[in-house]
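# Working through the structure, step by step
Given next are the chains, with one letter for each unit.
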Amino acid sequence: MRISQKLEYACRAMAQLARRHPERTLTRLDELAQREAVSSSFLVQILNDLRRGGLIESKRGKAGGYLLAREPETVSLLDIVEAVDPSLLTNSTRGDGESGEGVRRAWQGIAGATREQLAGIPLKHLIARGDAPMYYI
């Protein structure tokens, strides 16, 4: 499966914010960018998508930064995908021709199964260490 760089960075940023969630402290953009080795100009665009998606909150100013809007247990990978790369799960097959409808149904089923898998993986599992469950899609 081909994951966009934007989606990967969004997951990494969300994992960083989840690690700091228990303290409810703001994390500055430059700190997030440095910790995840991401361009801050690209990261701010991603964080804006996550904010619009209701996954993070932001505060402006010198003491500003970002934090999770919800508990890490209630945010799934599907939530992140829908906020930053919703086209990942769209089915673009048209169903034309004699075999088209069968092909379209197959890809639609795969997209549905992938949505279910993503919905079942909470953000807290991205930050778990060691004995965290491994997910196979």
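Scroll up to find the structure.
All values reported here derive from a predicted model rather than from experimental measurement.

### Regarding the side chain of His 21
Among the secondary structure elements, His 21 is positioned in the loop between α1 (5–20) and α2 (29–35). Only 3.1 Å separates the side chain of His 21 from the side chain of Glu 71, close enough to count as a polar contact. Aside from chain neighbours lying at most four places away, what touches His 21 is Leu 68, Arg 70, Glu 71 and Pro 72.

### Things to note about the pattern of salt bridges
Here the structure, examined in full by the defined rule, presents 13 salt bridges. The partner of Glu 31 in a salt bridge is Arg 35, and the shortest N-O contact between them spans 3.2 Å. With Glu 31 and Arg 35 both in helix α2 and four residues apart, this pair spans about one turn of that helix. Exposure remark for Glu 31: the relative accessible area of 27% places this residue in the partly exposed category. Note that Arg 52 is salt-bridged to Asp 49, the shortest N-O span being 2.5 Å. Highlighted residues: Arg 52 and Asp 49, both in helix α3 (residues 40–52), separated by three residues, approximately one helical turn.

### A word on the nonpolar core
If you look at the biggest cluster of nonpolar residues, it comprises 30 residues, and the most contacted ones within it are Met 14, Leu 47, Leu 50, Ile 56, Ile 80 and Val 84. Elements with a minimum of two residues in this core: α1, α2, α3, β2 (65–68) and α4 (77–84). Examining the composition of this core, we find that eight residues originate from one element, α1, more than from any other. For Leu 47, the contacting residues outside a window of four places in its chain are Ala 13, Leu 29, Leu 32, Ile 56 and Tyr 66.

### Observations concerning the packing of α1 against α3
Relative orientation of the contacting elements α1 and α3 amounts to 75 degrees, with a least axis distance of 10 Å. Taken together, α1 and α3 sit at an angle that is classed as roughly perpendicular. Residues Gln 5, Lys 6, Tyr 9, Ala 10, Ala 13 and Met 14 of α1 lie in contact with α3, whose contacting residues are Phe 42, Leu 43, Ile 46, Leu 47, Asp 49 and Leu 50. Residue classes in the contact of α1 with α3 are distributed as nine nonpolar, one polar and two charged.

### Describing the environment of Ile 127
As for its placement among the helices and strands, Ile 127 is situated in helix α6 (residues 124–127). Sequence-wise, Ile 127 and Lys 59 are 68 residues apart; in three dimensions their C-alpha atoms are separated by 24 Å. Those residues within four positions of Ile 127 in sequence are excluded, and the remaining contacts are Ala 15, Ala 18 and Arg 19.

### Side note on unusual backbone geometry
In the Ramachandran plot, Arg 24 falls in the positive-phi region, its phi being about 55 degrees despite a non-glycine side chain. For Arg 24, a relative accessible area of 40% gives the class partly exposed. In the Ramachandran plot, Ala 37 falls in the positive-phi region, its phi being about 50 degrees despite a non-glycine side chain. Position of Ala 37 relative to the elements: it lies in the loop between α2 and α3.

What counts, and where the lines are drawn
- Residues numbered from 1 in each chain as written.
- Predicted model: local features only at pLDDT ≥ 70, side-chain atom pairs only at ≥ 80, totals over all residues.
- Heavy atoms only, no water.
- Helix = DSSP H or I, 4+ residues; strand = E, 2+ residues; numbered from the N terminus.
- Polar contact = N/O pair within 3.5 Å; in protein donor to acceptor, adjacent residues only side chain to side chain.
- Contact = heavy atoms within 4.5 Å.
- Salt bridge = Lys/Arg side-chain N within 4 Å of Asp/Glu carboxyl O.
- Buried < 20%, exposed > 50% of the residue type's maximum accessible area, 1.4 Å probe, protein only.
- Core = buried A, V, L, I, M, F, W, Y, C linked by side-chain atoms within 4.5 Å.
- Axes fitted to C-alpha atoms, helices over the stretch in contact; angles between N-to-C directions.
- Parallel < 35°, antiparallel > 145°, perpendicular 65-115°, else oblique.
- Nonpolar A, V, L, I, M, F, W, Y, C, P; charged D, E, K, R; others polar.

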